[in-house]
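Here is what each chain is made of, one letter per residue.
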Amino acid sequence: MSLMAPAAERKLTGLVAATFTPLTTQGEINLKEIGRYIDYLTEKQGVNNIFVNGTTGESMSLSVAERKILAEEWCQKAKGKMDQVIVHVGCMNLKDSQELAGHAAQIGADGIAVIAPSFFKPSTAEPLKMFLHEVALAAPTLPFYYYHIPAVTGVNVLASDVLEGIEELIPSFSGVKFSGVDLMDLGQCVSYSQPRWSVLYGVDEQLLAALALGAHGAVGSTYNYMGCHVNELISAFDKGDIVQARRIQFKMQELLSYAQKRGFDVGVNKQLMIELSGLNLGPPRLPVMPCPHEQCLCIAQKYHSIFPEC
Ligand SMILES: CC(=O)N[C@H](C=O)[C@@H](O)[C@H](O)[C@H](O)CO
Ligand SMILES: CC(=O)C(=O)O
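This one's a predicted model, so the numbers in the text were calculated from it and none came from an experiment.

Draft legend 1. Representation of the overall build of the protein chain in the model. Scanning the protein chain for helices and strands turns up 13 helices and eight strands. For 310 residues, the compact-globule estimate of 2.2 N^0.38 gives 19 Å, and the C-alpha radius of gyration of the protein chain, at 18 Å, lies within 12% of that figure. Once the C-alpha set of the protein chain is aligned to its principal axes, its extents read approximately 50 × 45 × 40 Å. Out of the 310 residues belonging to the protein chain, those deemed buried represent 56%. A fraction of 73% describes how many contacts in the protein chain between residues 6 or more apart in sequence connect residues 24 or more apart. For the protein chain, the accessible area works out to roughly 13,100 Å², and carbon and sulfur atoms hold 56% of it.

Draft legend 2. Local environment of the environment of valine 89. Residue placement: valine 89 occurs in the loop between β3 (84-88) and α3 (94-106). In this structure the C-alpha to C-alpha distance between valine 89 and isoleucine 170, which are 81 residues apart in sequence, comes to 16 Å. Not counting chain neighbours up to four residues away, the residues in contact with valine 89 comprise Arg67, Ser97, Leu100, Ala101, Ala104, Ile112, Ala113, Val114 and Val135.

Draft legend 3. Focus on the packing of aromatic side chains. For the structure shown, the criterion picks out nine aromatic pairs. Judged by centre distance (5.5 Å) and plane angle (90°), the rings of phenylalanine 51 and tyrosine 147 are edge-to-face. Here phenylalanine 51 is found in strand β2 (residues 49-52), whereas its partner tyrosine 147 is found in strand β5 (residues 144-148), with 96 residues between them in sequence. Where tyrosine 303 meets phenylalanine 307, the ring centres are 5.3 Å apart and the plane angle is 45°; that geometry is what we call tilted. Of the two residues, tyrosine 303 and phenylalanine 307, neither departs from the other in class, the shared state being buried.

Draft legend 4. Region of the structure containing the sheet that holds β2. Strand order around the closed barrel formed by eight strands is β1-β2-β3-β4-β5-β6-β7-β8, with parallel pairing between neighbours. Across the sheet, the mean angle from the axis of one strand to that of its neighbour is 25°, orientation sign disregarded. Of the pairings in the sheet, the one linking strand β7 (residues 198-201) to strand β8 (residues 217-220) comprises two bridges and is parallel in character. Bridge pairing in β8 places tyrosine 201 opposite alanine 218.

Draft legend 5. Highlighting the site of ligand 1. Close to ligand 1 lie 13 residues; Lys177, Ser179, Asp204, Glu205 and Ser221 are nearest. At a separation of 3.0 Å, an oxygen atom of ligand 1 approaches a polar side-chain atom of lysine 177. Glycine 202 places a polar main-chain atom, nitrogen or oxygen, 3.3 Å from an oxygen atom of ligand 1. Notes on ligand 1: free accessible area 380 Å², of which the protein chains cover 81%. Partitioned by chemical class, the residues of the shell around ligand 1 number four nonpolar, six polar and three charged.

How each quantity is defined
Residues numbered from 1 in each chain as written. Chains lettered and ligands numbered in written order. Predicted model: local features only at pLDDT ≥ 70, side-chain atom pairs only at ≥ 80, totals over all residues. Heavy atoms only, no water. Helix = DSSP H or I, 4+ residues; strand = E, 2+ residues; numbered from the N terminus. Rg over C-alpha atoms; globule rule 2.2 N^0.38 Å. Buried < 20%, exposed > 50% of the residue type's maximum accessible area, 1.4 Å probe, protein only. Contact = heavy atoms within 4.5 Å. Areas by Shrake-Rupley, 256 points an atom, 1.4 Å probe, with all protein chains shown as cover. Phe/Tyr/Trp six-rings, centres within 6.5 Å; stacked < 30°, edge-to-face > 60°. Pairing = 2+ DSSP bridges. Axes fitted to C-alpha atoms, helices over the stretch in contact; angles between N-to-C directions. Near = heavy atom within 4 Å. Polar contact = N/O pair within 3.5 Å; in protein donor to acceptor, adjacent residues only side chain to side chain. Nonpolar A, V, L, I, M, F, W, Y, C, P; charged D, E, K, R; others polar.

This is how it looks when you write it as structure tokens:
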């Protein structure tokens, strides 16, 4: 990584896996598994970027101290293996978010992302931008991504409203992780996007639609175990083979709709990853419940019936 240009000059593109947080069976963070996890992503899935301590990583259920230790381990173990490590530093309050942003800068993260606080919800773009700005000030040179996920935060502010004029407020602004289903808003983000920004799509089920609108990459939980197939979707799209791209997207949809009908949350998703990767990731943390083994086995079987080996 030392030979590479600084992250601020390297536009983030392609697939980014939103990592699960490895826990021990007792529910403590398990740093030992992080190195193997990174090797699995690069060697088995062809995924070379990670987004750590996000939704999939259950960051809101981790303490600030735990998030720091995890971020540091991810950055250290990713050195020379991953292209970029984006650390999600958003919290319900400004102080913790700033502390994590400053820490991410110290440990050599390639970028930070910040979700909208969602206990006291900003009701318009203005206070949300002010919050993001204050967090960015704690790590002013680190590429900064806004994390838009309205279905989870309940903050229903258009991402394109957040982006408007933000380059003046946050000079390190580098893009948006757009985990929403409003494709008009997504299109407006892409068309407003500055050349070095990345618009990264986060609803894996409909990535192809986002690529058609010009998304530069994707961040998602399913790229942990479907990365190799989704890389094929992206290269088919890039070659203009829309029929093949669609075929792969439909397979992803078949798997995810099967999973969603049986109840698909972070706990099930984590257990599915364990089943498919053989990694030791442990249980989720309360209030997320562990997934019953049989439930996950039938989703894993469905995966194998839909997708060939990578
Ligand atoms: C709510 C949530 O976790 N969204 C993830 C990213 O933002 C996605 O990667 C989903 O897990 C994925 O699209 C499956 O539904
Ligand atoms: C999926 C995603 O991007 C996250 O876990 O935050």
